[in-house]
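A structural walkthrough
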Amino acid sequence: MKRLIDKLYETQSLDISEYRELISGRNDELSDYLFSLSREVREKYYGKSVYIRGLIEYTNYCKNDCYYCGIRRSNKNVSRYRLDKNDIMSCCKEGYELGFRTFVLQGGEDPYFTDERMCGIISDIKNNYPDCALTLSIGEKSRESYKAFFDAGADRYLLRHETADCVHYGKLHPQELSPENRKRCLYDLKEIGYQVGTGFMVGSPFQSAETLAKDMIFLKELQPSMVGIGPFISHKDTPFADKPSGTLELTLFMLGLIRLTLPYALIPSTTALGTIAPNGRELGLKAGANVIMPNLSPVEVRKKYMLYDNKICTGEESAQCIECLKNRVSSVGYEIVTARGDAANYIKNQR
Ligand code: 5AD
Ligand code: FES
């Protein structure tokens, strides 16, 4: 098994059966070995720096009905909200003052935010903060819409593929969502020139070592700039309410594999990881993650953006959160930096 990790370290790739064997045969000793190498690779490309992204959850309306997600349209217990342009600009202002140089607009797939409205918001943010990167995380759209957002100034786009196995995809989503369209979106985004982020939940219902191995092969093929993973955490008002949540242990192991497979990737230590274990995000950093995405949404709406139960940081002011994070990050020997934080292999003149 160690042999496979060495091979991955040396060649940045394994075939599907090798990934599967590693994932299903993992143990504590192997994990420690993996993390020693994934940390080394992370520090080779990014030193001790941890990039921060200010997350603005601007709408919890969603037209989709993913079985795992707390803000799915069928959940009638959600109190729905939208931030308007002024609210969003205030979040950016507060974030900028706190040192953020990347803003992430994340929301459900909300038809109220037409392309025209989105482009207005995007160009306002970029005109006011030309030194900042703007990331969108607003779901599946047409190629034309993605192009319009890019031309308005958006730099990056996050769209998790959720699972690279078509049958598994069908067990997590209603029929109207297809794995083919999800992949079409990701390739369109890349071709248009976005820095693309994808990813998946660890421990989602019906997942196996085989589907996770397929996720690794898909990542290798897509070559995203960013990869976000976190444990699946059940939400009480969804069809998956009784499904067990993913584990810290497997999430960290997958994080280590991703770092060795895509050495340059920007990998967040996610809020979901911090939700299943009090020191989850610190352990994520020690397994190879190099990004943290604190919440910049107004405190009044934070509890309404509950993708899963018991989400952390929903009661804190942004400034408090950043102080807390500085301490957490330095406790494991890393350091928050306020640079834009493009991928280390990103070619500047592309944008
Ligand atoms: N547990 C963990 N992660 C979730 N997401 C959605 N619902 C859950 C859940 N119950 C993740 C999905 C989505 C991202 C925004 O949040 O992977 O892409
Ligand atoms: Fe948000 Fe600690 S990171 S309160």
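What comes next concerns the included structure. Once a new chain begins, its residue numbering starts again from 1 and follows that chain's sequence as written. A letter from A marks each chain and a number from 1 marks each ligand, given out in the order of writing. Per-residue local features are limited, in this predicted model, to residues with pLDDT of at least 70; the limit for side-chain atom pairs, both in listing and counting, is 80 or more; totals at the level of whole chains, interfaces and linings are taken over all residues. Heavy atoms throughout the structure, all of them, feed into the side-chain values; hydrogens and water do not.

**Some remarks on the packing of helix α8 (residues 179–192) against helix α9 (residues 209–222)**
The interhelical angle for the contact between α8 and α9, taken along N-to-C directions, is 25°, at an axis separation of 12 Å. Considered as vectors, α8 and α9 are oriented roughly parallel to each other. Of the two possible hands of crossing, α8 and α9 adopt the one that is right-handed. Contacts between α8 and α9 pair Lys 183, Leu 186, Tyr 187 and Lys 190 from the former with Phe 218, Glu 221 and Leu 222 from the latter. For the contact of α8 with α9, the per-class residue count stands at four nonpolar, no polar and three charged. To define axes, lines are fitted to C-alpha atoms, for helices over the stretch in contact only, and angles between the resulting N-to-C directions are given on a 0 to 180 degree scale. A run of H or I in DSSP becomes a helix once it reaches four residues, and a run of E becomes a strand once it reaches two; helices and strands are each numbered from the N terminus. An angle counts as roughly parallel when it lies under 35 degrees, as roughly antiparallel when it exceeds 145, as roughly perpendicular when it falls between 65 and 115, and as oblique in every other case. Should the near helix be turned anticlockwise from the far one by less than a right angle, the crossing is left-handed, and should it be turned clockwise, the crossing is right-handed. We call two residues contacting when some pair of their heavy atoms lies within 4.5 Å. Each residue gets one of three labels, nonpolar for Ala, Val, Leu, Ile, Met, Phe, Trp, Tyr, Cys and Pro, charged for Asp, Glu, Lys and Arg, and polar for the others, Gly among them.

**Regarding the pattern of salt bridges**
Any two side chains of opposite charge can pair, on the condition that their charged atoms come close. Throughout this description, the term salt bridge denotes a Lys or Arg side-chain nitrogen within 4 Å of a carboxyl oxygen of Asp or Glu. Enumeration over the complete set of coordinates arrives at 25 salt bridges. The salt bridge involving Asp 155 is made with Lys 126; its shortest N-O contact spans 2.7 Å. Of this pair, Asp 155 sits in the loop between α6 (143–152) and β5 (156–158) while Lys 126 is found in helix α5 (residues 115–128), placing the two residues 29 residues apart along the sequence. Here the term buried applies to any residue with accessible area under 20% of the maximum for its type, exposed to any over 50%, and partly exposed to those in between, with areas from a 1.4 Å probe on protein chains only. For Asp 155, a relative accessible area of 5% puts it in the buried group.

**A look at the environment of Ser 297**
Tracing the backbone shows Ser 297 in the loop between β8 (291–292) and α13 (299–302). Given the relative accessible area of 1%, Ser 297 is considered buried. Along the primary structure Ser 297 and Leu 83 are separated by 214 residues, whereas in three dimensions their C-alpha atoms are 9.1 Å apart. Here a polar contact means two N or O atoms within 3.5 Å. Within protein one must be a hydrogen donor candidate and the other an acceptor candidate, and residues neighboring in sequence count only if both atoms are side-chain atoms. Within the structure, Ser 297 has its side chain in polar contact with the side chain of Asn 295 (distance 2.8 Å).

**What about a negative patch on the surface?**
On the surface, a cluster of negative charge is contributed by Asp 84, Asp 87, Glu 94, Glu 300 and Glu 317. Mapped onto the elements, Asp 84 comes out in the loop between β2 (54–59) and α4 (85–97). What makes Asp 84 partly exposed here is its relative accessible area of 40%. By definition, no residue in a patch forms a salt bridge, and every one has over 30% relative accessible area; like charges are joined within 9 Å, nonpolar side chains (Val, Leu, Ile, Met, Phe, Trp, Tyr) within 5 Å. Method for areas: the Shrake-Rupley scheme with a 1.4 Å probe, in which residue coverage is limited to the protein chains shown. When charges are counted, neither His nor the chain ends are considered; positive counts come from Lys and Arg and negative counts from Asp and Glu. By convention, charge coordinates are those of NZ in Lys, CZ in Arg, CG in Asp, or CD in Glu.

**Section: the packing of aromatic side chains**
The geometry of an aromatic ring pair comes down to the distance between the two centres and the angle between the two planes. Two aromatic rings, drawn from Phe, Tyr or Trp (for Trp, its six-membered ring), form a pair once their centres lie within 6.5 Å of each other, and the interplanar angle then sorts them: stacked below 30 degrees, edge-to-face above 60, tilted otherwise. The final tally for this structure, using the stated rule, is twelve aromatic pairs. Ring centres 5.2 Å apart and planes at 35° place the aromatic pair Tyr 96 and Tyr 129 in the tilted group. Taken together, the positions of Tyr 96 in helix α4 and Tyr 129 in the loop between α5 and β4 (133–137) put the pair 33 residues apart, joining distant regions of the chain. Note on Phe 206 and Phe 240: the rings are 6.3 Å apart at their centroids and 70° apart in plane angle, and the pair reads as edge-to-face. Placement of the pair is Phe 206 in the loop between β6 (195–202) and α9 and Phe 240 in the loop between β7 (226–231) and α10 (248–261), with a sequence separation of 34 residues. The exposure class of Phe 206 is partly exposed, given its relative accessible area of 45%. Each residue in the set Tyr 67, Phe 206, Phe 232 and Phe 240 is aromatic and connected to the rest through ring pairs, giving one cluster. Should the NZ of a Lys or the CZ of an Arg lie within 6 Å of a ring centre and within 35 degrees of the ring normal, that charge is described as sitting over the ring. Cation over ring: Arg 42 sits above Tyr 334, and NZ or CZ is 4.1 Å from the ring centre. Across from the ring centre of Tyr 61, 3.9 Å away, lies the NZ or CZ of Arg 82, which sits over that ring.

**Description of the site of ligand 1**
Throughout, near means a residue has at least one heavy atom within 4 Å of the molecule or strand. Every residue close to ligand 1 is listed here: Tyr 68, Cys 69, Arg 160, Glu 162, Met 201, Pro 231, Phe 232, Ile 233, Leu 307 and Tyr 308. A distance of 3.0 Å separates a nitrogen atom of ligand 1 from a polar atom in the backbone of Tyr 68. Between ligand 1 and the protein, one listed contact pairs a nitrogen atom with a backbone N or O atom of Leu 307 at 3.4 Å. In isolation ligand 1 exposes 400 Å². Once the protein is present, 86% of that is buried.

**Observations regarding the pairing of β4**
Remember that side chains alternate between the two faces of the sheet whenever the strand is regular. Burial analysis of β4 places five of its five residues in the buried class, which makes it a mostly covered element. On β4, burial covers both faces: Ala 133, Thr 135 and Ser 137 on one face and Leu 134 and Leu 136 on the other are all buried. Strands are treated as partners if at least two bridges between them are detected by DSSP. Direction of pairing for strand β3 (residues 102–107) relative to β4: parallel, over a ladder of five bridges. Paired with Val 104 across the bridge in β4 is Thr 135. Looking down the strands as they point away from the viewer, one classifies a crossover as right-handed if the path from the first strand across the helix to the second runs clockwise. Handedness of the crossover is the feature at issue here: the chain leaves β3, passes through α5, returns alongside β4, and the resulting connection is right-handed. Sheet analysis places β4 next to β5, joined by two bridges and oriented parallel.

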